[in-house]
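Examination of the molecular architecture
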Amino acid sequence: MKKEVKNKIVEILKKEGLLFPDIEDKIKVEPPKEELYGDLATNVAFLLTKHLKQKPQDIALKIKSILEKDPMFSKVEVLNGFINIFLSENYYHNIVKKAVLEKDRFGEVLEKNRGKINIEYVSANPTGPLHLGHGRGAVVGNLLANMYSYIGYKVEKEFYINDAGNQIKKLGQSVYARFRQIDQPDYPFPEDGYHGDYIKEIAKELYHYEREKILSMLSEEEAVDFCAQYAKNYLLDKIKEDLKLINVEFDIWTSEKHLYEHGKVEQALNFLKNKGLLYEKDGALWLKTSLYGDEKDRVIKKSDGTYTYFAADIAYHFDKYERGYDFIINVWGADHHGYFPRLKAAVMAFGVPENWINVVFIQLVKLFKDGQEVKMSKRSGDFITLRELVEEVGKDAVIYFFASKDPDTHLNFDIDVALSKSNENPVYYVQYAHARISSVFREAKERFDFNPEEDFDADLSLLIQEEEKSLMKFLSTMQQEIEEAAVKNQPHKITNLTYDLASKLHKYYYQHKFLIENDEKLMRARLYLLKAVRNALRTLFRLMGITPLERM
RNA sequence: GCGCCCGUAGCUCAGCUGGACAGAGCAACGGACUUCUAAUCCGUAGGUCGCACGUUCGAAUCGUGCCGGGCGCACCA
């Protein structure tokens, strides 16, 4: 819609000989802040002031006189130099019909042929349950994936399992120690081991099912390794369960260990070696990342002969590179931002353009309780898990809360507010909008023997109230808004949109009646609009993974 | 020291590829249920958009410099 109007304006300028080369990209056609200014507004007149040496107002008036002849517009006004455009009724009616037809996929591009992309998120180490920070990453990543899918990409959702490093070893040692402590309480626990109670539970399970096997093992090393693998699988299952709690599922699980076992690391390094990008120094192997914008070269193989984590990550991204994505997005904790330049450099060494790899950084979640910040530490086992939170406040509230802030800003999570289950939580506000519509539909069926859930026609020209126009206007811009939010990696805009739509619905609801005794035509028209609005809400809910409520 | 993020109403945050009076929720105060669910709606009050220069017809938005908070600067993962 915006594009359509912009093109018309560009055409006019061309015809009038006013299309100066520097302004075409600067022409904005946007819905204005205030609805009374119209459906769309443009700033062209300001851009021309310099070239024409005339006041914006005068230029705007000239363009207005041409624009208002177009049947797509019902009215064109000039105010303070802005050109305000009002779209014709017919345009809006078609949008409402579209929303009714497309159900909970209103505006979605159904042919996913815009490209193939990969979004990797969460990727928590399988050494403990998911905590709040992971929850935020999970919600943001999932929402992004759904948004890109909505606008026509084929999206693969991926979880990278860090199961080859020291943490896994430490995990094994911790579990093994707890295992031994069952018979021998003074068995030493590793100093930097994982202290959470879940370690004891895993040990108990092992004691119950695998006691003989472990005790008969020849070396402690073997036993620790066995415990590590067992614990890893146990915790990965838990992680999957936890993610399911907030409607997050992955298409691909990639194991770091498998990358090594399948020679992926060698393969990737060979590729770089053949390009002449590796060299030896001080007994270690280095990659020339500084050629691609990193501040210095990085070690890939340590002087003791083992690979760095970076090497595995290169192999991992080489694998993604070979899978042929148009671009990839990694959702990372902000504490990793210093790591991005070197990974980007390595990836560019494969030969992809700079914008092939994108990272969305998630700032840390700070937890507050009783007005005090709660320090969370995985090592001490002292933290609130995602599961605990979901059980307390509900899935939808957790999703909505994590999705509602710009990922790249710090998030203060006040447990007391979240646990209060009160209307302080905005998710109730949007849910209520949906439930209200469903409630009206139930009443319509009961009192008027008219079921809006089934297909029906309506005369939309009867929708002339302010609130109705406001809703129709929202519907006409929703798709474009989602498109822009996706492309800019701004998932929190979805919650803003949802809130906005709910607010318009609540105002409408308060101001007007839908079940009208003696005017069936009007009733049908309003119910029809409600149905369109409900579909739009469902579409937004679906992106977030929130379940629409039929009643509250 | 260098790099990234943040600093907007008492609190939590939107707005930031420059544009029409700086917005919302919560908290405060005052109204609206014989009406399809008042988990709602309407109104009042509350702001030198961290500070200072600069660019511009126009700056919360862009640039530079400060101040304050967080994070990161490994042959760790």
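Above this text you will find the structure in question.
Everything numeric in this text was worked out from a predicted model, so none of it was measured.

Notes on the protein's contact with RNA strand B
Phe 82, Gln 167, Lys 302, His 337 and Ser 439 are the nearest of the 62 residues found near RNA strand B. What you see for RNA strand B is that sugar and phosphate hold 62% of its atoms within 4 Å of the protein. Between RNA strand B and Tyr 309 there is a distance of 3.0 Å, counted from a phosphate oxygen to a backbone nitrogen or oxygen. Where the surface near RNA strand B is concerned, the elements lending two or more residues are strand E4 (82–87), helix H6 (166–183), strand E15 (411–414), helix H16 (426–448) and helix H18 (492–511). Per-element accounting of the surface near RNA strand B gives the leading share, 9 residues, to H16.

Concerning unusual backbone geometry
The residue Asn 247 is not glycine, and still its phi comes out positive at about 60°. You can see Asn 247 is positioned in the loop between helix H8 (220–245) and strand E7 (252–255). Owing to a relative accessible area of 39%, Asn 247 belongs among the partly exposed residues under this scheme.

Some details on the side chain of Asp 319
With respect to the secondary-structure elements, Asp 319 resides in helix H11 (residues 309–322). Here Asp 319 falls in the buried class, since its relative accessible area comes to 15%. At a separation of 3.0 Å, a polar atom in the side chain of Asp 319 contacts the side chain of Arg 323.

Structural notes on the sheet that holds strand E5 (residues 116–120)
Within a beta sheet, neighbouring strands are joined by backbone hydrogen bonds and run either parallel or antiparallel to one another. Taken in spatial order, the 5 strands make up an open sheet running E7-E6-E5-E11-E12, and their pairing is parallel. The sheet is open, and its two borders are formed by E7 and strand E12 (357–362), each paired with just one other strand. Neighbour-to-neighbour, the strand axes of this sheet turn through a mean angle of 25°, independent of strand direction. Note that strand E6 (residues 154–161) and E7 share 4 bridges and pair parallel. Bridging across to E7, Phe 159 finds its partner in Trp 253. Along the sheet, H11 contacts E5, E6, E7, strand E11 (327–333) and E12; its crossing angle with E6, the most-contacted strand, is approximately 160°. Those strands touched by helix H12 (residues 340–350) are E11 and E12, and its axis lies near 165° from that of E12.

Remarks on the packing of helix H2 (residues 44–52) against helix H3 (residues 56–67)
A packed helix pair is summarised by two numbers, namely the angle formed by the two axes and the spacing between the axes. Relative to each other, H2 and H3 sit at 115°, their axes nearing to 8 Å. Read as a crossing pair, H2 and H3 show a hand that is right-handed. Facing H2, whose interface residues are Val 44, Ala 45, Phe 46, Leu 48, Thr 49 and Leu 52, H3 presents Pro 56, Ile 59, Ala 60 and Ile 63. Grouping the amino acids of the contact of H2 with H3 by side-chain chemistry returns 9 nonpolar, 1 polar and no charged.

Let's talk about the nonpolar core
Among the nonpolar cores identified, the biggest contains 156 residues, and Ile 119, Tyr 148, Phe 402 and Leu 527 are the most heavily contacted of them. Of all the elements, helix H19 (residues 520–544) adds the most residues to this core, at 15 residues. Those residues in contact with Ile 119 that lie beyond four places of it in its chain are Gly 141, Leu 144, Ala 145, Tyr 148, Val 155, Glu 156, Lys 157, Glu 158, Ile 329 and Val 331.

Describing the packing of aromatic side chains
One pass over the structure, following the stated rule, counts 33 aromatic pairs. Seen from their ring centres, Phe 159 and Phe 250 are 5.4 Å apart, and the 85° between their planes marks the pair as edge-to-face. Linking Phe 159 in strand E6 with Phe 250 in the loop between H8 and E7, this pair joins segments that are 91 residues apart in sequence. Their ring planes at 70° and their centres at 5.1 Å tell us that Phe 318 and Phe 350 sit as a pair that is edge-to-face. Here Phe 318 is found in helix H11, whereas its partner Phe 350 is found in helix H12, with 32 residues between them in sequence. Pair check on accessibility: Phe 318 and Phe 350 agree, each one buried. Taken together, Tyr 309, Phe 310, Trp 332, Tyr 339, Phe 340 and Phe 361 form an aromatic cluster joined through their ring pairs. One Lys or Arg, Lys 240, reaches over the ring of Trp 253 and ends 4.5 Å from the middle of that ring. The lysine or arginine in question, Lys 281, covers the ring of Trp 286, its NZ or CZ lying 4.6 Å from the ring centre.

What counts as what
- Residues numbered from 1 in each chain as written.
- Chains lettered and ligands numbered in written order.
- Predicted model: local features only at pLDDT ≥ 70, side-chain atom pairs only at ≥ 80, totals over all residues.
- Heavy atoms only, no water.
- Near = heavy atom within 4 Å.
- Polar contact = N/O pair within 3.5 Å; in protein donor to acceptor, adjacent residues only side chain to side chain.
- Helix = DSSP H or I, 4+ residues; strand = E, 2+ residues; numbered from the N terminus.
- Buried < 20%, exposed > 50% of the residue type's maximum accessible area, 1.4 Å probe, protein only.
- Pairing = 2+ DSSP bridges.
- Axes fitted to C-alpha atoms, helices over the stretch in contact; angles between N-to-C directions.
- Contact = heavy atoms within 4.5 Å.
- Left-handed = near helix turned anticlockwise from the far one by under 90°.
- Nonpolar A, V, L, I, M, F, W, Y, C, P; charged D, E, K, R; others polar.
- Core = buried A, V, L, I, M, F, W, Y, C linked by side-chain atoms within 4.5 Å.
- Phe/Tyr/Trp six-rings, centres within 6.5 Å; stacked < 30°, edge-to-face > 60°.
- Lys NZ or Arg CZ within 6 Å of the ring centre and 35° of its normal.

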